[in-house]
Amino acid sequence: VVLLLAATVVIVILARRIERARRALDAKKAAVQKRLREHGGDAELEYIVMEIDRALEDVQGGDEAASADRLRELKTVIQKNHSSRPTPFDAAGACADVVEAWRRQVPDEEIVFSRSVDGAIEVSGDPDLFRWSLRELFSNVVAHGGPWSRIAVELGSDDGAVLLSFTDDGEGPDLTMISRLYGAFTPRIESDGPGLGLFAVRAIVEKMGGSVKASPGDDGGLRHTVRLPLTPSDRAQNRPAEATSQA
């Protein structure tokens, strides 16, 4: 009985410590979000880069080398996006390239690419960063989507804009998490990452004059919907076509 009581006391103490640590982490995240809301443009960029540099100072070699590489990658992408100058490029071709590359990486899973517009779909932005954002959506499914077997990428147009839908059939996050997926420093609960990947995706899309939102998939999983403005010349030329699918 004495041992049982002692064990109970230890469990209670540990639970309280864990709860205090969780509250402290939540408070830190809330403070970061508050600072980001209060600052915009260059100030927001400088703050995020500063936080990445602080995190890099805490990351040493060995097992944490991958974390350091990821932080450097995100820092480079965020800074490049801030200073990039938009140029016209074919969004359909970029999507097809990334889809094909991921099919080779995960040959046992189903990746479907369908489109409802023929020919090139011209948008304005940095084509390399756009491809990076698409790869990041795939990587996000692999890292956080749980068991999944299918990703559907759909490309179409609507009222002078290109619509890109990216849907997986994995284990989607709860509605609370969905509402803050694209915020800076908002990692998934089970993740030890910095929580900047989808923030960078949103920043790239917004730099292109577009928007991105998340919603639950029809059969579970998660759907990202990207809306980008077509270039003026493509807006006049693009015409809907019969939907085609490349399974």
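Conventions adopted
Residues numbered from 1 in each chain as written. Predicted model: local features only at pLDDT ≥ 70, side-chain atom pairs only at ≥ 80, totals over all residues. Heavy atoms only, no water. Helix = DSSP H or I, 4+ residues; strand = E, 2+ residues; numbered from the N terminus. Pairing = 2+ DSSP bridges. Contact = heavy atoms within 4.5 Å. Expected span 1.5 Å × (residues − 1). Buried < 20%, exposed > 50% of the residue type's maximum accessible area, 1.4 Å probe, protein only. Polar contact = N/O pair within 3.5 Å; in protein donor to acceptor, adjacent residues only side chain to side chain. Salt bridge = Lys/Arg side-chain N within 4 Å of Asp/Glu carboxyl O. Axes fitted to C-alpha atoms, helices over the stretch in contact; angles between N-to-C directions. Left-handed = near helix turned anticlockwise from the far one by under 90°. Nonpolar A, V, L, I, M, F, W, Y, C, P; charged D, E, K, R; others polar.

Locating Leu134 in the fold gives a position in helix H5 (residues 127-144). Taking the C-alpha atoms as reference points, Leu134 and Ala94, separated by 40 residues in sequence, lie 8.9 Å from one another.

Pairing of strand E2 (residues 110-117) with strand E4 (residues 150-158), which is carried by 6 bridges, proceeds in the parallel orientation. Of the residues in E4, the one forming a bridge with Phe113 is Val153. Across 8 bridges, the pairing between E4 and strand E5 (residues 161-168) is antiparallel. Bridged to Val153 within E5 is Phe166. Linking E4 back to E5 in an antiparallel pair, the connection comprises 2 residues, with Asp159 at a positive phi of about 50 degrees.

Attention now moves to the side chain of Asn81. Mapped onto the secondary structure, Asn81 falls in helix H3 (residues 65-83). If we ignore the near neighbours within four places in the chain, the residues touching Asn81 are Leu129, Ala203, Ile204 and Lys207.

Attention shifts here to helix H4 (residues 91-105). One turn of the α-helix equals 3.6 residues, which is why residues spaced by three or four share an orientation. Taking 1.5 Å of rise per residue, the 15 residues of H4 would be expected to cover 21 Å, and the 21 Å separating its terminal C-alpha atoms lies within 8% of that figure. Within H4 the residues assigned to the buried category are Ala91, Ala92, Ala94, Cys95, Val98, Val99, Trp102 and Arg103. The opening residue of H4, the one whose side-chain oxygen lies 3.1 Å from the backbone nitrogen of Ala92, is Asp90.

What you tend to see is this: most non-glycine residues have negative phi, and most peptide bonds are trans. Although it is not a glycine, Asp159 adopts a positive phi angle of roughly 50 degrees. Its place among the elements puts Asp159 in the loop between E4 and E5. For Asp159, a relative accessible area of 70% gives the class exposed.

Here we come to the environment of Pro173. Along the chain, Pro173 falls in the loop between E5 and helix H6 (175-178). It is 7.7 Å that separates the C-alpha atoms of Pro173 and Gly221, two residues lying 48 residues apart in sequence.

Summed over the entire model, instances satisfying the criterion amount to 11 salt bridges. Of the charged contacts in the structure, one is a salt bridge between Arg103 and Glu100, with a shortest N-O distance of 3.4 Å. Within this pair, Arg103 and its partner Glu100 are both found in helix H4, separated by 3 residues, close to a single helical turn. On the basis of relative accessible area, Arg103 is assigned to the buried category, the value being 19%. According to the relative accessible area criterion, Glu100 is partly exposed, its value standing at 35%. Residues joined by salt bridges that share partners form a network here, namely Arg70, Glu73 and Glu136.

This paragraph deals with H5. The end-to-end C-alpha distance of H5, which contains 18 residues, comes to 26 Å, matching closely the 26 Å that a straight helix rising 1.5 Å per residue would cover. Turning to H5, its buried residues number three or more, namely Leu129, Phe130, Trp132, Ser133, Leu134, Glu136, Leu137, Phe138, Asn140, Val141 and His144. Among the residues of H5, the N-terminal cap falls to Asp126, whose side-chain oxygen and the backbone nitrogen of Asp128 are separated by 2.9 Å. Positive backbone phi, at 65 degrees, marks Gly146, one or two positions downstream of H5.

Contact geometry of H4 with H5 gives a least axis separation of 9 Å together with a crossing angle of 35 degrees. Considering only the axes of H4 and H5, their crossing is right-handed. Contact with H4, carried on its side by Ala91, Ala94, Cys95, Asp97, Val98, Val99 and Trp102, involves Phe130, Arg131, Leu134, Arg135, Phe138, Ser139 and Val142 of H5 and no other residues of that element. Of the residues assigned to the contact of H4 with H5, the class counts are 10 nonpolar, 1 polar and 3 charged.

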